[in-house]
Amino acid sequence: MKRLIATVALLVPVGSFAAAPQMKDGVLADERGMTLYVFDGKGAPDAKSCEGDCSKNFPPALAQPEDKATGSFSLLPAGSDGEPQWAYKGKRLYHGAMDKKPGDTHGDGLNTVWHAVRSN
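Calculation criteria
- Residues numbered from 1 in each chain as written.
- Predicted model: local features only at pLDDT ≥ 70, side-chain atom pairs only at ≥ 80, totals over all residues.
- Heavy atoms only, no water.
- Helix = DSSP H or I, 4+ residues; strand = E, 2+ residues; numbered from the N terminus.
- Contact = heavy atoms within 4.5 Å.
- Areas by Shrake-Rupley, 256 points an atom, 1.4 Å probe, with all protein chains shown as cover.
- Core = buried A, V, L, I, M, F, W, Y, C linked by side-chain atoms within 4.5 Å.
- Buried < 20%, exposed > 50% of the residue type's maximum accessible area, 1.4 Å probe, protein only.
- Pairing = 2+ DSSP bridges.
- Salt bridge = Lys/Arg side-chain N within 4 Å of Asp/Glu carboxyl O.

Draft legend 1. Layout of the overall build of the protein chain. Of the regular secondary structure elements, the protein chain holds 3 helices and 10 strands. Scanning the protein chain from its N terminus toward the C terminus, one meets helices and strands in the order α-β-β-β-β-α-α-β-β-β-β-β-β. Contacts spanning at least 24 positions in sequence make up 60% of the contacts within the protein chain whose residues lie at least 6 apart. When the accessible area of the protein chain is evaluated, it comes to approximately 7400 Å², of which 57% is carbon and sulfur surface.

Draft legend 2. Here's a closer look at the nonpolar core. One finds Ala20, Leu28, Leu36, Val38, Ala61, Ala63, Phe73, Trp86, Tyr88, Leu93 and Val117 forming the largest nonpolar core, which totals 11 residues. Every element with two or more residues in this core is listed here: β4 (36-39) and β7 (83-88). Within the second largest apolar cluster, 10 residues are counted, among which are Val27, Tyr37, Cys50 and Phe58.

Draft legend 3. Inspection of the pairing of β4 at higher detail. Covered by surrounding structure in β4 are Leu36 and Val38 together with Tyr37 and Phe39, the residues of both alternating faces. Across 2 bridges, the pairing between β4 and strand β9 (residues 94-95) is antiparallel. Paired with Tyr37 across the two strands is Tyr94, which belongs to β9. In terms of strand pairing, β4 meets strand β10 (residues 114-116) through 3 bridges, oriented antiparallel. Opposite Phe39, over in β10, you have Trp114 as the bridge partner.

Draft legend 4. Highlighting the pattern of salt bridges. Tallied over the full model, the rule gives 4 salt bridges. The shortest N-O distance in the salt bridge between Asp40 and Lys91 comes to 2.3 Å. Taken together, the residues Asp40 in the loop between β4 and α2 (47-50) and Lys91 in strand β8 (residues 91-92) connect sequence positions 51 residues apart. Overall, Asp40 belongs to the partly exposed group, its relative accessible area being 36%. With its nearest N and O atoms 2.7 Å apart, the salt bridge here joins Asp108 to Arg118. Taken together, the positions of Asp108 in the loop between β9 and β10 and Arg118 in the segment after β10 put the pair 10 residues apart, joining distant regions of the chain. On the basis of relative accessibility, which here comes to 41%, the residue Arg118 falls in the partly exposed class.

Draft legend 5. Just unusual backbone geometry, in detail. A positive phi angle, close to 60 degrees, is found at Glu51, a residue other than glycine. Structurally, the position occupied by Glu51 is in the loop between α2 and α3 (54-57).

Any functional reading would require information beyond the geometric quantities listed.
Here is the structure:
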């Protein structure tokens, strides 16, 4: 039974979380404390701006179906399946695969188009 529970826990999507993102140590983060990024380039993120596969290097910050938009946070459809993606002030939020622990901001400034959302 323990093995089954552990297996099910591993199947939970990494990009999902149960609450709106929040500022943590001056940077917008998900409930696990992982930094969230916005894309400030023209058009949609592409292989050049993402250093390869965008869905792998900058996966969308997906919300749970029961999550609700609040304040500066909205939910936008992500991809063809329509899963809800968090957005901050109208800009879609993404995780950075290069961040390995809470508080990392390795994607900040990448190719001058990826930026961690910081408190002012």
